[in-house]
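A look at the structure
Each chain, written out:
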Amino acid sequence: MTLWHSVLLASIVCAALKTAGYLVPPAWFEAPRPSRTIDLLTVALLSALVVVQTLGVGQAIVVDARVPAVLVAGGLLALRAPFLVVVLAAAVVAALLRLLGLAA
């Protein structure tokens, strides 16, 4: 199986799952338990994406300037700072750590 076969198969599976989602009765999502699960699933998927993008380089786990930058961003978000301030602060932290040679 080539890379393109894998991409094509994954695309077909994603399209089938999305189509199957339209067949689920809306009443199933209106109950409290499924609604809470769906909300938590969204947070879990977003958290997993952040972790993979922060620590992953290929098949390896790398701790570099991105980790303190994400921690600063998380702290500022917890303090309800504006999003632009959060992004700029995280970028400045990562840039300073790389400039000082404290992180790769």
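Preceding this paragraph is the structure being described.
Now for a look at the structure at hand. What you see is a predicted model; the values in this text were computed from it and never measured.

**Comments concerning the overall build of the protein chain**
What the protein chain contains, in helices and strands, is five helices and two strands. Computed over C-alpha atoms, the radius of gyration of the protein chain comes to 19 Å, more than 25% over the 13 Å expected from 2.2 N^0.38 for 104 residues, which places it beyond the range of a compact globule. The C-alpha extent of the protein chain, read off along each of the three principal axes, is 55 × 45 × 20 Å. When the 104 residues of the protein chain are sorted by exposure, 11% land in the buried category. Long-range pairs, those at least 24 residues apart, make up 32% of the contacts in the protein chain with a sequence separation of at least 6. A total of about 8400 Å² of accessible surface is found on the protein chain, and carbon and sulfur atoms cover 77% of it.

**Some thoughts on unusual backbone geometry**
You will see that R80, though not glycine, has its phi angle at about 65 degrees, which is positive. With respect to the helices and strands, R80 occurs in the loop between α4 (66–78) and α5 (83–99).

**Comments concerning the packing of α4 against α5**
Two numbers describe how α4 lies on α5: the axes approach to 8 Å, and their chain directions differ by 155 degrees. As far as their axial angle goes, α5 and α4 are roughly antiparallel. Considering how the two elements wind past one another, α4 and α5 form a crossing that is right-handed. For the pair α4 and α5, contact is made by R66, P68, A69, V72, A73, L76 and L77 and by V85, V86, A89, A90, V93, A94, L97 and R98, respectively.

**Comments concerning the pattern of salt bridges**
For the structure on display, the rule yields two salt bridges. The shortest N-O distance in the salt bridge between D64 and R66 comes to 3.1 Å. Given the relative accessible area of 10%, D64 is considered buried. Connected through salt bridges with shared partners, the residues D64, R66 and R98 form a single ionic network.

Criteria and thresholds
- Along each chain, numbering runs from 1 in the same order as the chain's sequence is written.
- The predicted origin of the model limits local features to residues at a pLDDT of at least 70 and limits the giving and counting of side-chain atom pairs to 80 or more, whereas totals for whole chains, interfaces and linings rest on all residues.
- Processing note: side-chain calculations cover all non-hydrogen atoms of the structure and skip hydrogens and water entirely.
- For helices the rule is a DSSP run of H or I covering at least 4 residues; for strands it is a run of E covering at least 2, with both sets numbered from the N terminus onward.
- Our radius of gyration is a C-alpha quantity, and the globule rule it is checked against amounts to 2.2 Å times the number of residues to the power 0.38.
- Per-residue accessibility, obtained with a 1.4 Å probe over protein chains only, is compared with the maximum for each type, and a residue is labelled buried under 20%, exposed over 50%, and partly exposed between these values.
- Contact definition: two residues touch when any of their heavy atoms are within 4.5 Å.
- Surface accessibility in these figures is a Shrake-Rupley result with a 1.4 Å probe; residues are shielded only by whichever protein chains are displayed.
- Fitted lines through C-alpha atoms give the axes, limited to the stretch in contact for helices. The angle between two N-to-C directions lies from 0 to 180 degrees.
- Should an angle fall under 35 degrees it is called roughly parallel, over 145 degrees roughly antiparallel, and 65 to 115 degrees roughly perpendicular, with every other angle called oblique.
- Less than a right angle of anticlockwise turn of the near helix away from the far helix marks a crossing as left-handed, whereas a clockwise turn marks it as right-handed.
- Here, a salt bridge means any side-chain nitrogen of Lys or Arg that lies within 4 Å of a carboxyl oxygen of Asp or Glu.

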